[in-house]
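Coordinates in review
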Amino acid sequence: MTFKALLVEKNDEGKTSASVQELDESRLPEGDVTVAVEYSTLNYKDGLCVGPGGGLVRNYPHVPGIDFAGTVLESSDDWYKPGDKVVLTGWRVGEAWWGGYSQKARVKGEWLVPLPEGLSTRNAMAIGTAGFTAMLAVMALENHGLKPGNGPVLVTGAAGGVGSVATAILANLGHEVAAVTGRESTWEYLKSLGASSIVPRDDVNETVKRPLEAETWAGCIDAVGGAMLARVLGQMKYGTSVAAVGLAGGAALPATVIPFLLRGINLLGIDSVMRPYEARLPAWERLAKDLPMDKLDAMIQPAKLEDLPKLGADILKGQVKGRVVVDLN
Ligand code: NDP
């Protein structure tokens, strides 16, 4: 009745350490659905939770992993029965609650969604929170008027998880994608995902000097925040939108309000964590339809639980390319 999990413990000096341990089933938290986790993944937040915590983890010892996909083992929730394939992202699982870096997880049924038709549990985790969020961002831009043919769409942090999936979806939908990256080694990869042009990070990383620059981008999915987001706001075409997804480059926004007032730019906030169930289903359906699976395969870096302490540190340094998929089988 034991299972393997990555357990993060904190010592008396407040230092955390992560190791793979055999846990007894009695240690699983309360919840109405128990899942045999098949795959999990690595997101930026996982890097924080495997390491020092970043203020996200409530109690130690802790099992990180903000998303997982697997098969229901036991359920007292009417919506799920043993054998059902399910996916979980968000709801602070892996932060406030025990997460998916474990062969077994126990959660609230309302946090799960059924595995979308056309996706395997492995593909669902290759997408994971990062890909789900990228889809939400694409849908938000579409709801604010983005259409293929409007002009180039900028994706920042393009070689990361959110950026890779956003690039592949947008290109597949017929958009011209300009991919911002700080790593020259990823240029060919980004082109293979469908990027039409590469924008070196340094070209857009400088602090705003002029609040308005040439109108260049028809939309933007921003995983970086900070000075880059501030700069990009002044480069947007009239009446277009930026979907703000992440803060890999910083949480501050050293911008002026001029792009909002003189160009009618919209800054759209994207949250994937507390997104209600009804809004999750259409995003997963779109992912199954609009994300080419061969492009998704090209993003995958396979991993085991044992690899996560190192990979967690790497993602915090912006050194992970695409999507790390953790095999729990
Ligand atoms: P990754 O680490 O995979 O990707 C982030 C990318 O940003 C890196 O690969 C790198 O891309 C770029 N980057 C890293 N550091 C810097 C820097 N200092 N300046 C400029 N660019 C930098 O992370 P994810 O894709 O998983 O997540 C991206 C962001 O989105 C994170 O901040 C995460 O917390 C957030 N997020 C938010 C969600 C939400 O619900 N709003 C959900 C999921 C993620 P490159 O090498 O190509 O330049």
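Residues numbered from 1 in each chain as written. Predicted model: local features only at pLDDT ≥ 70, side-chain atom pairs only at ≥ 80, totals over all residues.

1. Examining unusual backbone geometry
Here Tyr 60 and Pro 61 are connected by a cis peptide whose omega angle stands at -5 degrees. As for its position among the elements, Pro 61 is in the loop between α1 (44–50) and β4 (67–75). A positive phi angle, near 60 degrees, is found at Trp 91, a position not held by glycine. With respect to the helices and strands, Trp 91 occurs in the loop between β5 (85–89) and β6 (104–107). The backbone of Arg 92 shows a phi angle near 65 degrees, a positive value even though the residue is not glycine. Looking at where Arg 92 falls in the secondary structure, it is placed in the loop between β5 and β6. With 16 C-beta atoms packed within 10 Å, Arg 92 lands in the partly exposed category. (Helix = DSSP H or I, 4+ residues; strand = E, 2+ residues; numbered from the N terminus. Buried ≥ 20, exposed ≤ 12 C-beta atoms within 10 Å, placed from the backbone.)

2. Brief notes about the site of the ligand
The local shell around the ligand holds 33 residues, among which Gly 157, Gly 160, Gly 246, Gly 249 and Gly 318 are the closest. Among the secondary structure elements, those contributing two or more residues to the shell around the ligand are α1, α2 (121–143) and α3 (161–172). Classifying every residue of the shell around the ligand by side-chain character gives 15 nonpolar, 14 polar and four charged. (Near = placed C-beta within 6 Å. Nonpolar A, V, L, I, M, F, W, Y, C, P; charged D, E, K, R; others polar.)

3. Focus: the UniProt feature "domain: Enoyl reductase (ER)" (unreviewed entry) in the chain
UniProt's entry tags residues 15–326 with the feature "domain: Enoyl reductase (ER)" (unreviewed entry), counted in the numbering of this structure. Here residues 15–326 runs as 31% helix and 23% strand, with 25 Å between its end C-alpha atoms. (UniProt positions renumbered as here; feature names shortened; annotations may be inferred.)

4. What about α3?
Helix length check: α3 (twelve residues) gives 17 Å between terminal C-alpha atoms against 16 Å at 1.5 Å per residue, within 8%. Those residues of α3 not exposed but buried are Gly 161, Val 162, Gly 163, Ser 164, Val 165, Ala 166, Thr 167, Ala 168, Ile 169, Leu 170 and Ala 171. Count one or two residues on from α3 and you reach Gly 174, which has phi positive near 100 degrees. (Expected span 1.5 Å × (residues − 1).)

5. A short note on helix α8 (residues 277–290)
Over its 14 residues, α8 extends 20 Å from the first C-alpha to the last, a length consistent with the 20 Å expected when each residue adds 1.5 Å. Along α8, the positions that sit buried rather than exposed are Arg 280, Ala 283, Trp 284 and Leu 287. All buried residues of α8 project into a common sector of 100 degrees when viewed along the axis, lining one side. Turned more than 90 degrees away from the buried face of α8, the exposed residues are Glu 278, Pro 282 and Lys 289. (Arc of directions from axis to C-beta.)

6. Side note on the domain arrangement of the chain
Domain parsing of the chain yields domain 1 (2–115 + 299–327) and domain 2 (128–269). Between the C-alpha centres of domain 1 and domain 2 there is a distance of 29 Å. If you look at the interface, domain 1 gives 13 residues, while domain 2 gives 13 residues. (Domains from an automatic or database assignment. Contact = placed C-beta atoms within 7 Å.)

7. Thoughts on the packing of α2 against α3
Taken N-terminus to C-terminus, the directions of α2 and α3 make an angle of 50 degrees; their axes are 8 Å apart at the nearest point. Considered as vectors, α2 and α3 are oriented oblique to each other. Our pair here, α2 against α3, has a crossing hand that is right-handed. Every residue of α3 that contacts α2 at Ile 127, Ala 130, Gly 131, Thr 133, Ala 134, Met 135, Ala 137 and Val 138 is listed here: Gly 161, Val 162, Val 165, Ala 166, Ile 169 and Leu 170. Its residues assigned to classes, the contact of α2 with α3 comprises eleven nonpolar, three polar and no charged. (Axes fitted to C-alpha atoms, helices over the stretch in contact; angles between N-to-C directions. Parallel < 35°, antiparallel > 145°, perpendicular 65-115°, else oblique. Left-handed = near helix turned anticlockwise from the far one by under 90°.)

8. Observations regarding the nonpolar core
Of all hydrophobic cores here, the largest spans 102 residues; its most connected members are Ala 134, Ala 137, Val 155, Ala 166, Ala 179 and Ala 243. By residue number, the principal contributor to this core is α2, which donates 13 residues. Counting residues domain by domain, this core receives three or more from each of domain 1 (2–115 + 299–327) and domain 2 (128–269). When residues no more than four places from it in sequence are discounted, the contact partners of Ala 179 are Val 155, Ala 158, Thr 167, Leu 190, Ala 195, Ile 198 and Val 199. (Core = buried A, V, L, I, M, F, W, Y, C linked by C-beta atoms within 7 Å.)

9. Quick notes on the sheet that holds strand β10 (residues 197–200)
Sheet architecture is open: six strands sit in the order β10-β9-β8-β11-β12-β13, paired in parallel fashion. Where the open sheet ends on each side, the last strands, each with one partner, are β10 and β13 (266–269). Geometrically, the sheet is characterised by an average inter-axis angle of 20 degrees between neighbouring strands, direction not taken into account. Two elements, strand β11 (residues 219–222) and strand β12 (residues 241–244), share three bridges in a ladder whose sense is parallel. Note that in β12 the partner of Cys 220 across the bridge is Val 242. Across the sheet, α2 lies against β11, β12 and β13, angled at about 160 degrees from β12, the strand it touches most. Against the sheet, α3 touches β8 (153–155), β9 (177–181) and β11, its axis set at about 160 degrees to β8. (Pairing = 2+ DSSP bridges.)

10. Here's the deal with the confidence of the model for the chain
Interpretation of the predicted coordinates at a detailed level should be avoided for regions scoring low in pLDDT. Taken residue by residue, the chain gives an average pLDDT of 96. The fraction at 70 or more is 100%. Interface confidence for the predicted complex, expressed as ipTM, amounts to 0.99; the pTM equals 0.97. (pLDDT = per-residue confidence, 0-100.)

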